[in-house]
Amino acid sequence: GIEYAGEARADKLARVRAAMADEGADAFVVTALDELAWLLDLRGNDVACTPVFLGFLLLTKEDAVLCARAGAVGEEVKASLAADGVRLADYEGIYGLVRALPRGTRVLLDGATANYRLTQSVPDGAETLDRPSPIVPMKAVKNAVEQENLRRAHLADGIVLTRFLRWLKCDAVREGATELSAAAKLEEYRRESADYLEPSFDPILAYGPHGAIVHYDPTPETDVPLHPEGLLLVDSGAHYRQGTTDVTRTIVLGPVTDEERRMFTLVLKGHLALAAARFPHGVTGENLDALARMPLWVHGLDYNHGTGHGVGFILSVHEGPQSFRCRSLDGRRIVLEEGMVISNEPGYYAAGKFGIRHENLMLVRTGEATDYGQFLYLEPLTMVPFDRDAIDTALLTEEELARLNDYHRLVYDTVSPLLPAEEQAWLAQATAPLQR
C-alpha cells in the first residue's frame, strides 16, 4: 500500500521507463527478485527471511508482463496490477517473450542477476545492453514515507530488544539458557509485536569463542549453554510491516577479561566515530570506512569484513549499491545519497577466545550547505543500548563519552514511554550517563 511504499506502482513504472529511455533501451527484463518486488509494490514468501516472490518482468515502452508462478497471484493483486497496465504470464513464459522480441530491439539486461538461459534468449537481430539495473539506485534511496515507517519499525524492534537484553542480563543464565534457546526467546518477543512479519536473517547468537566466527550459525551440534561470565554476541534482524531491521549487540554475562574490555571499547570508539561523520555530497562509503577502523589500526589490528551494507525496505537485509568498506568490490564509486540506509558494524575477533561487534542502522540525511557544498550526516535508526558493563571509560575521550551518552539519552527518550514500569526502570539504568 501507498502508506508503506510511499510511491505508487504507476509512478515507479514511469520512472523506470524514463531510465530505459536514457539508456536507449526498448525493453528491460527485470530479473532480481528484490527489484521486481520493489517496482511492483508487492511482497511474497518464496525465499526464507527475504519477502520476495519468484518472477520476471518484461517492461517495454507500452507494455509490462509479469511472469509468475501459476496460483501465486491472487485476484485482488491481479486487478491492481491490471489497473496499472501490468498483465500476467506463466513463470516459464519469460523466455518465449524475450525470444519473440522484434529485430532491432535494444534489450536492457543486468548480467549480474540474469540467468544464462535468459541472456541466450535474446534473439538474433536484437541488441543486448548488459548494464547495471536502473532500479538499484532508485530502490536504495528511501522516500519520506519509507523513512518514517523505518523509524517506526526500529522503535518496535527497540522495544523487543530492550525486553530481550533485560532477560539476557537478569534471567538467561539462571534459567539455563543456551545459544539456541536464547534465539528462540528473541523470536518469541518479536512475535508479540503486532506488525512483526519474520526474521530478516537467521539470528547469530554466539557465546564466548563462537563470537570469533563472524557468521557463526548455532546448530544443535554446536549449541552451548550460557555462563555467568564473558561475552555473548547477538546479531539479529526483523521484517516489520513498516520496514527491516538489523542490529548487533555484544552482551556482558559476567566478569570479562581486561582484553575483552579493551577491545569492546576500541570497537565502540570506531562505531561512534563513523556515526558522527559529517561529509559533503559526493563522498562514498570507501571514503568513510577508515573512521570505524582507525581505533584498531593504530594498534595494528583490524577486522576482515566490510563496515557496513545497505538495507532494503521489507526486502533483502543486504542491499546495494552503498556500503562502508576499505575498497570497492567492483571499481565503481557509489556516492552516499539522502535516504540511503546503511549499517555501521565494526568488530574484532580473537580466534578461540571471543568476538565483538557493535551494529546500528543509519539513515543518510541532508545537513547544512556551506561554501564547500551540501553536507550530509547519519541519523541513527536503531534504538538499542550498548552494554555499559564492558566499556573502559579511560579509553574514551570526552567527546566520545558525550556521543555515547547522547545516543543513550535518545534511546531512552524514544523507547521508554512505550515500556511497562519494570522494563522502563531497567532501560533507565542501561542508558544512564557514563562518567570518566
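Just above, that's the structure.
Residues numbered from 1 in each chain as written. Predicted model: local features only at pLDDT ≥ 70, side-chain atom pairs only at ≥ 80, totals over all residues. Heavy atoms only, no water.

Enquirer: Please provide a residue-by-residue account of the packing of helix H10 (residues 258-275) against helix H12 (residues 398-415), values included.
Expert: For the pair H10 and H12, the least separation of the axes is 10 Å and the interaxial angle reads 75°. Viewed along their axes, H10 and H12 adopt a mutual orientation that is roughly perpendicular. Here Leu268, Lys269, Leu272 and Ala273 of H10 lie close against H12, whose contacting residues are Glu400, Arg403 and Leu404. In terms of residue class, the contact of H10 with H12 is made up of four nonpolar, no polar and three charged. (Axes fitted to C-alpha atoms, helices over the stretch in contact; angles between N-to-C directions. Helix = DSSP H or I, 4+ residues; strand = E, 2+ residues; numbered from the N terminus. Parallel < 35°, antiparallel > 145°, perpendicular 65-115°, else oblique. Contact = heavy atoms within 4.5 Å. Nonpolar A, V, L, I, M, F, W, Y, C, P; charged D, E, K, R; others polar.)

Enquirer: Pulling in residues and values, what's your account of the sheet that holds strand S6 (residues 127-130)?
Expert: Within a sheet, each strand pairs with its neighbour through backbone hydrogen bonds, oriented either parallel or antiparallel. Spatially, six strands are ordered S4-S3-S2-S1-S5-S6 in an open sheet, and the strand pairing comes out mixed. Whereas interior strands pair on both sides, the edge strands pair on one side only; in this sheet they are strand S4 (86-90) and S6. Between one strand and the next, the sheet's axes are offset by a mean angle of 25°, whatever the strand orientation. Both strand S1 (residues 27-30) and strand S2 (residues 55-60) contribute to a ladder of four bridges, which runs antiparallel. Looking at the pairing, Val29 lines up with Leu58 of S2. Running at roughly 65° to S2, helix H2 (residues 9-23) makes contact with S1, S2, strand S3 (64-68), S4, strand S5 (106-109) and S6 of the sheet. Strands S1, S2, S3 and S4 of the sheet are contacted by helix H3 (residues 33-40), whose axis makes an angle of about 60° with S2. (Pairing = 2+ DSSP bridges.)

Enquirer: Give a detailed account of the sheet that holds strand S7 (residues 196-199), specifying residues and quantitative values.
Expert: Here we have three strands laid out as an open sheet, ordered S7-S10-S11, and antiparallel in their pairing. In the strand order of this sheet, the two ends are held by S7 and strand S11 (243-244), each with one partner. Bridge count between S7 and strand S10 (residues 238-240): three bridges; the pairing is antiparallel. Note that in S10 the partner of Tyr196 across the bridge is Tyr240. Sheet strands touched by helix H8 (residues 144-172): S10 and S11. Its angle to S10, the strand with the most contacts, is close to 125°. Packed onto the sheet, helix H9 (residues 179-191) meets S7 and S10 and runs at close to 160° relative to S7.

Function cannot be inferred from these measures alone, as they are strictly geometric.
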